[in-house]
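What the coordinates show
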Amino acid sequence: MKAIPILLFTVLLAVACKDEKKTLPQDDVSVEEEGKAEKGTLRQGAFFTEEEGKAELLELESMYSNKEAWEPRKKMLKSQILKGLNLSPLPNRTPLNQVIGSKRIRDGYSVENVYFESIPGFYVFGNLYRPLDSTKKHAAVLSPHGHFPGDNLGESGRFREDQQKRCATLAQMGAVVLSYSMYGWGEGFRQLNAKGSIENPDTDQQSKSHHVPLALTMQTWNSIRAIDFLETLPDVDPKKIAITGASGGGTQTFLMAAVDDRVSVSLPVVMISCHFFGGCNCESGLPIHESAEHFTNNTEIAAMVAPKPMLLISDGADWTKNVPQVEYPFIKRTYSFYNAENNVENKHFPHGVHDYNYDKRSTVYAFMAEHLGLDLKAVTDESGKIDEHESELEGAVDMLSFTDDIPFPSNALQGQEAVEQAFHEMTK
C-alpha cells in the first residue's frame, strides 16, 4: 500500500456545495478550481493532478493483466467500498410501503408521483414514467440527478427539463423509468429541515442539509431500495435494469453498477475521471476510495461493471476531457479480460460542456435501444433524428407527492440526527 500525505479538506467542505448560477454545478467544480489541499484517505475533488491520475492508472494496470487476477481485486474493492459506505453488512430490507398516484396520461407514456420508505420513516421521492402497454414486462431505468443549480424548484433536481425529457423519451421507447431525488432535495428537503419550503427551497440551506457524509450512504442505499421498488412492479423485467445520470448522478450511476449486481447496463455521463473524485460529500465524503486495505479511483470503480454494457459520455470542458485517451483505454482493457470490448463505448463531445443535453441524450437512447431492446424508432423522425417533442414538460409542483400544504405521514423522521440514528439502528 502506498503512502499518501494527509488531506486538509475543510476548505473543500466549505465551498463544495454552494448553489451559484454557473456553467458547471458549484458543488462539483469549485474543488477543481480551488486546487488540492494536502492529501489523505478521503479523496475529494481534484485530489490528483491529471498526471498523478494517469500514473495511478499505470500502477493499477501493473497489478493485474487478466480476468483471473482482476476478479479477486474486484471482489475486494466491492467489499471495501461497501465498508466505506457504512453498508457492510447491508441493512435489513424493511417494507417499502410504496405509494404511487396522480397518474397523468401523455402521448405514448404515463407519469405518476411515487414515494417509498428506504428505512422506516425516511422517504425517497420520485416520478415513475411508464409505457402505456402494461401487458408485458419492460426494461427499467434508474435516473438519479446531479447538482445542477437553478433559480427555482423547476430548474433543479428531477424537475429539470433535461431530466424530464430523458425519462419521458425512454418511456416512449418502452422502458419503465424511475426519476428520484437526491438526499435532502425535492420533498426530502423538508424532511431534513422542518422549516424548509418544498416549493420554494432556500438553496443554501438545501446544500447545507445535503452536504454531509451521510448523504453518500443514504443515496446509495436509496438507489438499492429503488431497484427493490422497481422489482415489485408487474411491468418490470428485473433482468433488464439500467442506470444513468450526469455529474453527481453520474457518480451514483457507476457506484451502483459496482456494488449492486442487478444493474445490467451503466451509462455514467460527464463524471468518469482518474484525477477528480467528486466535489460533494454525497460522492466522496466517506473512505470509499482509500483505506488501510485499499486504494482506487472512479475509473477503476466504473470498470467493475465489466463485462456488462457501459457507455461513458465525456466532454472537453470538465474533468472528463481526457477520457478518450486516458480513462476509456483503461476501462476497455478491463473489458478485454472478458473478450467483451464491444460492450463498452465512449462518446466524447470535445466542444461540449458539463451537462446532459440533447446530443448526449440521443447517444444514450441509441445505446439503450441496442442493449435493452427498446424501440428507437418510436422517437425517431423521418430523417432519422431523435424527436423529443412528444415528451411533455410538467410543472414541478404537479410532480410532488407532498407540498408545503400537505404534511408528511405521521411516522416521518424529522431532522438529520433522527435519520442518522434510525439508519444506525438498522445496521446493528
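**What to know about the confidence of the model for the protein chain**
With 91% of its residues at a pLDDT of 70 or more, the protein chain shows a mean pLDDT of 91. Overall, residues 1-40 carries pLDDT values under 50, and its contacts beyond four positions in sequence, including any with other chains, amount to 106 contacts.

**Re the side chain of Glu 388**
Here Glu 388 shows up in the loop between helix H13 (358-372) and helix H14 (416-426). Separated by 2.6 Å, the side chains of Glu 388 and Tyr 365 make a polar contact. Not counting residues up to four positions away in its chain, the partners in contact with Glu 388 are Lys 165, Thr 169, Tyr 358, Arg 361 and Tyr 365.

**Notes on the packing of aromatic side chains**
What the rule picks out here adds up to 15 aromatic pairs. Their ring planes at 40 degrees and their centres at 6.2 Å tell us that Tyr 115 and Phe 125 sit as a pair that is tilted. Note that Tyr 115 is positioned in strand E2 (residues 109-119) and Phe 125 in strand E3 (residues 122-131), a separation of 10 residues in sequence. Taken as a pair, Tyr 115 and Phe 125 share a single burial class, namely buried. For the cation-ring pair, Arg 190 lies above Phe 408, with the distance from its terminal atom to the ring centre recorded as 4.8 Å. The ring of Phe 349 is capped by Lys 347, whose NZ or CZ atom sits 5.6 Å from the centre of that ring.

**What to know about empty space enclosed by the protein**
As enumerated under the stated definition, the model contains five cavities of 30 Å³ or more in all. When its volume is computed, the largest cavity comes out at roughly 80 Å³. Lining the largest cavity, in full, are Pro 144, His 145, Tyr 180, Ser 181, Met 182, Tyr 183, Gln 219, Asn 222, Ser 223, Gly 248 and Gln 252. Contributions of two or more residues to the lining of the largest cavity are made by helix H8 (213-232) and helix H9 (248-259). Ranked by residue count, the leading element in the lining of the largest cavity is H8, at three residues. Across the lining of the largest cavity, the residue classes break down as four nonpolar, seven polar and no charged.

**Examining the packing of H8 against H14**
Between two packed helices, what matters for the description is the angle formed by their axes and the separation of those axes. Taken N-terminus to C-terminus, the directions of H8 and H14 make an angle of 55 degrees; their axes are 12 Å apart at the nearest point. In this view, H8 runs oblique relative to H14, as classed from their interaxial angle. The handedness of the crossing between H8 and H14 comes out as left-handed. Counted together, Leu 214, Thr 217 and Met 218 of H8 and Gln 416, Val 419, Glu 420 and Phe 423 of H14 form the full contact between these two elements. Grouping the amino acids of the contact of H8 with H14 by side-chain chemistry returns four nonpolar, two polar and one charged.

**Here's the deal with the environment of Ile 406**
Structurally, the position occupied by Ile 406 is in the loop between H13 and H14. In this structure the C-alpha to C-alpha distance between Ile 406 and Arg 262, which are 144 residues apart in sequence, comes to 35 Å.

**A short note on the nonpolar core**
With 79 residues, the main nonpolar core has Ile 119, Leu 178, Tyr 183, Phe 229, Leu 230 and Ile 331 as its most contacted residues. A per-element tally of this core places H8 first, with 10 residues. Apart from the residues lying within four places of it in its own chain, the contact partners of Phe 229 are Leu 96, Gln 98, Ile 100, Val 114, Phe 116, Leu 128 and Leu 178. In terms of nonpolar packing, the next biggest core, distinct from the first, is built from 43 residues, Tyr 123, Ala 171, Val 177 and Met 399 among them.

Each value, and the rule that gives it
Residues numbered from 1 in each chain as written. Predicted model: local features only at pLDDT ≥ 70, side-chain atom pairs only at ≥ 80, totals over all residues. Heavy atoms only, no water. pLDDT = per-residue confidence, 0-100. Contact = heavy atoms within 4.5 Å. Helix = DSSP H or I, 4+ residues; strand = E, 2+ residues; numbered from the N terminus. Polar contact = N/O pair within 3.5 Å; in protein donor to acceptor, adjacent residues only side chain to side chain. Phe/Tyr/Trp six-rings, centres within 6.5 Å; stacked < 30°, edge-to-face > 60°. Buried < 20%, exposed > 50% of the residue type's maximum accessible area, 1.4 Å probe, protein only. Lys NZ or Arg CZ within 6 Å of the ring centre and 35° of its normal. 1 Å grid on protein atoms, 1.4 Å probe; cavity = no way out; pocket = protein on both sides within 12 Å on 5 of 7 lines; lining within 4 Å. Points joined across faces, edges and corners; volume = space filled by probe spheres on them. Nonpolar A, V, L, I, M, F, W, Y, C, P; charged D, E, K, R; others polar. Axes fitted to C-alpha atoms, helices over the stretch in contact; angles between N-to-C directions. Parallel < 35°, antiparallel > 145°, perpendicular 65-115°, else oblique. Left-handed = near helix turned anticlockwise from the far one by under 90°. Core = buried A, V, L, I, M, F, W, Y, C linked by side-chain atoms within 4.5 Å.

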